[in-house]
Amino acid sequence: MRTHTCGELRADHEAQRVALCGWVHARRGHGKLVFVDLRDRYGLTQIVFDAEDAPEELVDRGGRLPLETCVRVEGVVRRRRDANPKIPTGEVEVVADALEVLSETANPPVIPAHEDELPSEEVRMRHRYLDLRRPAMQRMLATRHRITKVARDFFDREGFLEIETPVLCRSTPEGARDFLVPSRKQAGMWYALPQSPQLFKQLLMMSGCDKYLQICRCFRDEEPRFDRQAEFSQIDLEMSFVTREQVLDVMERFVRELWREVVGFEPGPFPRMSYHEAMERFGIDRPDTRYGLELVDVSDLAQKTDFRVFRDALAKERGTVRAIRVPDAADRLTRKVLDGYSKFVQEFGAGGVPWTKIVAGESGPGVEGGVAKFIAPIASALIERMEGEVGDVLLFGADARSVCLKALGELRQKVARDLDLIDESAWNFLWVLDFPMFEYDGEERRFYAMHHPFTSPKSEEIERFLGAETGEIELIESIVSDGYDMVLNGNEIGGGSIRIHRQDVQKKVFELLGISESEAHERFSFLMEALRYGPPPMGGIAFGLDRLVMQVLGIDNIRDVMAFPKTHTGQDLLTGAPGPVDPEQLEELHVRSTA
RNA sequence: GGGGCGGUAGCUCAAUUGGUUAGAGUACCGGACUGUCGAUCCGGUGGUUGCGGGUUCGAGUCCCGUCCGCCUCGCCA
């Protein structure tokens, strides 16, 4: 139907006779002279209907083409009188001598040419096929393809095999809520959709596949966020006979190649940081190192004051006082802004944000405003500890350690955004290592796996780990795993670990997680059985594909990097999923709805 | 489940203290126009103000309920 695409024609196509197909992107009419920008996936080409070169009837039809009409045009390429440098085809135009309307359009709710006035997300999702016509969305789809292509090529060269794993799986006891699929043939039994192919990729290592790759869909029935969706994609990898160093090396080389190929930026070696250091310095396990505002422990100084807020905090179990120095911000952090920060940290369970400002005093810098009078005795020591300068603002967190770090970690990010301290051009990659194996839930009085229950303790921890008894909370909390997260500009883009390949170690994990032997047998007997037959040491990682695309394109919303996303309430507004089913279908599946 | 913002023409938005016939831009339709690239100019069609109830002489505006979209806390091994 066409000889070229709409992104293809250049000056050296002059005088060629061509046929183009596409959509009417824009139309500029002058009566007997009409310009139409024709659009397809590849670009825009100006079509000109000129009464001096074509029958008036044709020009008239060209001038009446509604936007988004699907057409085929034939004509001859010629150089434009005035080139348009904004588009690659801007030096030429096609002088139409034939026009075929391939299909007419209703008045479209989304007009791809109107990029600066986007319809609501609701409209865009309901008419996704129109939204995807927008050049920005076409670029997104192409970038997404490019990323998976670079991944497949890179890991192919590295000897990885792409292997598919089941979508209909067993439900796992821990982790996110499962999506369930009723079995027709096994009455009362259920499949779960995979939260990740974790166990299958480990089994593939036990099968001797050695290096595995899959670009796979994962499902977690939890509340969505701007960067989370119930259904999402991972670049999933696993390797046999490797140490942590070897895994980190391959993955780092992959990401470096990805950025070189897709972004045009070559990252240097990735810095590394322990989980403990990340929490202490940044109050979060995925620090954004593009700016400072680090947390500083001032508990010892706080102890010397009579300030009630500090003393109460320090009296708590694992109570602590930390401070952030905001350089040269005394003017911008007004009373109103600081009050807002108190409200902000309350969302994370903190009481508020005590603050003070560093000012010039008679004998050197001092503090003024906020809680200044309560901390006067420690002012100079505090300023020294914080490396404070006149004009800086000090923000405090005082609470139990976990609450304090969480609140200040979130506040740190908010302050950086508010004061525009983030270098948007930076690509700060980072490995976070040495996570704890377990997190203790004080209310439920039990442990949860921080990563997942198949993560190995670090080799030097194994004896200590195997010796741990269920009640030894502090000991268990202190055991370090061989897990790792890849962080980019404060976002977790990948995470993995060296896996357990010893039956006794795996058994111990289940024991410490409070998974009874019978339950472990019931749910994981296949894994325990497999571990009997010479499993290799192994490790791997999974990258969040959607998050990679978000980072590469600088898009701050996961729905905008997916072709067909779901809403906050998990609905697909385009097709109307989830929807009702016939009672007969339920009957067949042995399911009765209580809704 | 909690908190916040929003829903008015196909689309993006406006509408004073609750007050006349709910406006503008754009898209669409008609007309003028031969070098536009946000074409321009003139005219026109287009409304269950998300839905249901209430207060009021009078509701887009106030109250109650509900649905939908987004953000957020909890949640997400």
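Anyway, here's the lowdown on the structure attached to this text. (Residues numbered from 1 in each chain as written. Chains lettered and ligands numbered in written order. Predicted model: local features only at pLDDT ≥ 70, side-chain atom pairs only at ≥ 80, totals over all residues. Heavy atoms only, no water.)

**Some thoughts on the nonpolar core**
Nonpolar side chains in soluble globular proteins tend to be buried together. Phe-155, Ile-235, Met-251 and Phe-543 are the most contacted members of the largest nonpolar core, which totals 43 residues. With 8 residues, the single largest contributor to this core is helix α6 (residues 244–263). Other than its neighbours up to four places away in sequence, Phe-155 contacts Phe-160, Leu-213, Leu-237, Val-250, Met-251 and Phe-254. Among the nonpolar cores identified, the runner-up in size contains 35 residues, and Val-326, Val-345, Cys-404 and Leu-419 belong to it. (Core = buried A, V, L, I, M, F, W, Y, C linked by side-chain atoms within 4.5 Å. Buried < 20%, exposed > 50% of the residue type's maximum accessible area, 1.4 Å probe, protein only. Helix = DSSP H or I, 4+ residues; strand = E, 2+ residues; numbered from the N terminus. Contact = heavy atoms within 4.5 Å.)

**Details of empty space enclosed by the protein**
Summed over all chains, the structure comprises 1 cavity of 30 Å³ or more. Considered as a void within the structure, the largest cavity measures approximately 30 Å³ in volume. (1 Å grid on protein atoms, 1.4 Å probe; cavity = no way out; pocket = protein on both sides within 12 Å on 5 of 7 lines; lining within 4 Å. Points joined across faces, edges and corners; volume = space filled by probe spheres on them.)

**Structural notes on the layout of surface pockets**
Considering only enclosed or pocket space, the second largest pocket measures out at about 590 Å³ in volume. Lining the second largest pocket are 21 residues, with Asp-40, Arg-41, Tyr-42, Gly-43 and Pro-135 positioned closest to its centre. At the level of secondary structure, the elements contributing two or more residues to the lining of the second largest pocket comprise β1 (17–29), β2 (33–40), β3 (43–50) and α4 (135–157). The dominant element in the lining of the second largest pocket, judged by the number of residues it contributes, is α4, at 5 residues. A per-class count over the lining of the second largest pocket returns 9 nonpolar, 6 polar and 6 charged. (Nonpolar A, V, L, I, M, F, W, Y, C, P; charged D, E, K, R; others polar.)

**Quick notes on the pairing of strand β4 (residues 70–79)**
Here 7 bridges tie β1 to β4, and the two strands are oriented antiparallel to one another. In the strand pairing of β4, Gly-22 is matched with Val-71. Note: β4 against strand β5 (residues 92–103), 10 bridges, orientation antiparallel. Within β5, the position partnered with Glu-74 by the bridge is Ala-98. (Pairing = 2+ DSSP bridges.)

**Thoughts on the packing of α4 against α6**
It is at 10 Å that the axes of α4 and α6 come closest, and there the two elements cross at 140°. Between α4 and α6, the interaxial angle falls into the category oblique. Handedness of the crossing formed by α4 with α6: right-handed. Only Val-250, Met-251, Arg-253, Phe-254, Glu-257, Leu-258, Glu-261 and Val-262 of α6 make contact with α4, whose side of the interface consists of Thr-143, Arg-146, Ile-147, Val-150, Ala-151, Phe-154, Phe-155 and Arg-157. Residue composition of the contact of α4 with α6, grouped by class: 10 nonpolar, 1 polar and 5 charged. (Axes fitted to C-alpha atoms, helices over the stretch in contact; angles between N-to-C directions. Parallel < 35°, antiparallel > 145°, perpendicular 65-115°, else oblique. Left-handed = near helix turned anticlockwise from the far one by under 90°.)

**Structural notes on helix α18 (residues 545–553)**
Judged by how many residues are buried, α18 sits mostly within the fold: 7 of 9 residues are covered. Among all positions of α18, only Leu-545, Asp-546, Leu-548, Val-549, Met-550, Gln-551 and Val-552 are buried.

**Quick word on unusual backbone geometry**
Each neighbour pair has its own omega, and for Ala-577 with Pro-578 the value is -5°, a cis peptide bond. Tracing the backbone through its elements, the reader meets Pro-578 in the loop between α18 and α19 (583–588). In the Ramachandran plot, Glu-68 falls in the positive-phi region, its phi being about 75° despite a non-glycine side chain. Position of Glu-68 relative to the elements: it lies in the loop between α1 (56–63) and β4. Residue class for Glu-68 comes out buried when judged on its relative accessible area of 2%. Residues other than glycine seldom take positive phi values, yet Arg-318 does so here, at roughly 55°. Residue position: Arg-318 is located in the loop between α9 (308–315) and β13 (319–326).

**Concerning the packing of aromatic side chains**
All chains considered together, the criterion is met by 20 aromatic pairs. Ring centres 5.7 Å apart and planes at 45° place the aromatic pair Phe-154 and Phe-254 in the tilted group. Of the two residues, Phe-154 sits in helix α4 while Phe-254 sits in helix α6, which places them 100 residues apart along the sequence. In this structure Phe-154 comes out as buried when scored by relative accessible area, which is 4%. Geometrically, the ring pair formed by Phe-344 and Phe-348 is edge-to-face, given 5.3 Å between the ring centres and 70° between the ring planes. Grouped by ring-pair contacts, the aromatic residues Trp-259, Phe-270, Trp-427, Phe-429, Trp-431 and Tyr-484 constitute a single cluster. In this structure, Arg-446 packs its charged tip against the face of Tyr-448, placed 4.0 Å from the ring centre. (Phe/Tyr/Trp six-rings, centres within 6.5 Å; stacked < 30°, edge-to-face > 60°. Lys NZ or Arg CZ within 6 Å of the ring centre and 35° of its normal.)

**Considerations on the protein's contact with RNA strand B**
Taken together, 57 residues surround RNA strand B, and among them Gly-29, Asn-107, Ser-120, Ala-449 and His-451 come closest. Near the protein, meaning within 4 Å, the atoms of RNA strand B are sugar or phosphate in a fraction of 56%, with bases accounting for the rest. In this structure, Asn-84 approaches RNA strand B through a side-chain N or O atom, which is 2.8 Å from a base oxygen. Note that a base nitrogen of RNA strand B is positioned 2.6 Å from one of the side-chain N or O atoms of Glu-93. Contributions of two or more residues to the surface near RNA strand B are made by β1, β2, β3 and α2 (121–126). In the surface near RNA strand B, the residues fall into 17 nonpolar, 17 polar and 23 charged. (Near = heavy atom within 4 Å. Polar contact = N/O pair within 3.5 Å; in protein donor to acceptor, adjacent residues only side chain to side chain.)

**Considerations on the sheet that holds β2**
The mixed closed barrel is built from 5 strands, whose spatial order is β1-β2-β3-β5-β4. On average, each strand axis in the sheet is tilted by 55° relative to the strand beside it, whichever way the strands run. Where β2 and β3 come together, 8 bridges link them in antiparallel fashion. The residue of β3 that forms the bridge with Arg-39 is Leu-44. Here α1 sits on the sheet and contacts β1, β2, β3 and β5; the angle it forms with β5, its principal contact strand, is near 75°.

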